[in-house]
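Chain residues, written in single-letter form:
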Amino acid sequence: MSISKIIGTFTAAFIAVIAATLLSTSHASAWSVQHSAASECRDEEAVITWSFKNTEPNQAKWSIDLEVTNSENDLKITETVAPGETATGFFGTNETKIDAGKVTFTMLWTDGRRGVDVRTSSYAMTEECYVEREEPAFNAAIICEIVDAKAVFTLNIEQTAGETPGVFTPANGTVLENGNAVEVLGVFDNGEVKITQTAQAAEDCTPEEETEKVCRDGKIVEIEKSDRKETDTDTCPQVSSVVKELPKTGPASMIAAIAAVFATSVAGAQLHMRRK
């Protein structure tokens, strides 16, 4: 073979290799994807969210193995994203505020074919995620009320501070056996804050029973209205204060009467004799 032919054959082969390489590189650099990143506050923690969509044609060979890296703490997440699918996630930071940064998306073909691509998305810094909360507080008291002429003791609880309603034991509105002091437990923020307070004792509000004066057994007495008997009257019968003296009829009285008659007879006889 002549030298010219050898050179021609080598040149054609070299051109073919270069063309194939260029075509492979051209295709690899044209990965069709969409990606984004953002920062936000979640439960008082600054987090970084990301999203990645594989927009390659819907064929198995375009499936992408994805590695997502966060510049804030170099954490990595791996996902396999088929054509047309979207993968999402987030990185926790254990911080209440972070600076601006980037999320890196490194892509490889799932079937092992040659080719790699790297994309990045930026996110902004966050404001302070921690919000100082007002400390919860409540007042507890025992209220005595008259119901059907009887004293009823009720626990009254009023929450005076705190963003979320508390859970109280005993509960607000519990009817108590008496007015003795009661310990009340308040639980707030899903059990993170617990407060104990004493509801002070309440005085018995049972009303005093009304009294009245009646005549009982011939005398005026003061009684409670509930103790009144059917025989009681509002007044007692009047008893006369003048007592008429009855004639004396005993033996001494008879002797005195006979003596008086005898004396009268003697006096009369003497008066008759003088006249004669």
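Bear in mind the structure is a predicted one, so any value in this text is a computation, not a measurement.

For the rest of this paragraph, the subject is the pairing of strand E1 (residues 33-42). Put simply, side chains in a regular strand alternate between the two faces of the sheet. Here ten bridges tie E1 to strand E2 (residues 45-54), and the two strands are oriented antiparallel to one another. Across the sheet, the residue bridging to Ser-36 is Ser-51, located in E2. What sits between E1 and E2 in their antiparallel hairpin is a turn of two residues, with Asp-43 showing a positive phi close to 50°.

With 75% of its residues at a pLDDT of 70 or more, the chain has an overall mean of 82. Segment residues 15-29: pLDDT under 50, and five contacts once partners within four positions in sequence are set aside and those in other chains are kept.

One open sheet holds the three strands; their spatial order is E1-E2-E5, and the pairing between them is antiparallel. The open sheet has two edge strands with one neighbour each: E1 and strand E5 (86-92). Averaged over all adjacent pairs, the angle separating strand axes in this sheet is 15°, with direction ignored.

Turning next to the environment of Asn-70. Within the fold, Asn-70 resides in strand E3 (residues 64-70). A residue is classified by how much of its surface remains accessible, and Asn-70, at 0% relative accessible area, is buried. Taking C-alpha positions, Asn-70 is 7.3 Å from Phe-91, a pair spaced 21 residues apart along the chain. Those residues in contact with Asn-70 that lie beyond four places of it in its chain are Ile-48, Leu-75, Phe-91, Lys-102 and Tyr-123.

What follows deals with the pattern of salt bridges. For the structure on display, the rule yields seven salt bridges. Between Glu-67 and Lys-76 there is a salt bridge whose closest N-O contact spans 4.0 Å. For Lys-76, a relative accessible area of 56% translates into the label exposed. Arg-216 is paired through a salt bridge with Asp-232; the nearest N and O atoms lie 2.7 Å apart. A residue pair is termed long-range when its members are at least 10 positions apart, and Arg-216 in strand E14 (residues 211-216) and Asp-232 in the loop between strand E15 (219-224) and helix H2 (251-275) qualify at 16 residues. Assessed through its relative accessible area of 5%, Asp-232 is described here as buried. Taken together, the shared-partner salt bridges in this structure form one network comprising Glu-212, Arg-228 and Asp-234.

Thresholds applied
For every chain, the first residue of the written sequence is number 1, and numbering continues from 1 along that sequence. Residues qualify for local features only when their pLDDT is at least 70, as the model is predicted, and side-chain atom pairs are given and counted only at 80 or more; totals for whole chains, interfaces and linings, by contrast, use all residues. Heavy atoms from the whole structure form the basis of all side-chain values; hydrogens and water molecules are not counted. At least two DSSP bridges between two strands are required for those strands to pair. Only DSSP runs of H or I reaching four residues or more are called helices, and only runs of E reaching two or more are called strands; each is numbered from the N terminus. By definition, pLDDT measures how confident the predictor is in each residue, and it falls between 0 and 100. When checking whether two residues touch, look at their non-hydrogen atoms; a contact exists if any pair is within 4.5 Å. Axis lines are fitted to C-alpha atoms, over the contacting stretch for helices. Their N-to-C directions set the angle, which ranges from 0 to 180 degrees. With a 1.4 Å probe rolled over the protein chains alone, any residue whose accessible area is under 20% of its type maximum counts as buried; one over 50% counts as exposed, and the rest are partly exposed. Each reported salt bridge corresponds to a side-chain nitrogen of Lys or Arg within 4 Å of a carboxyl oxygen of Asp or Glu.

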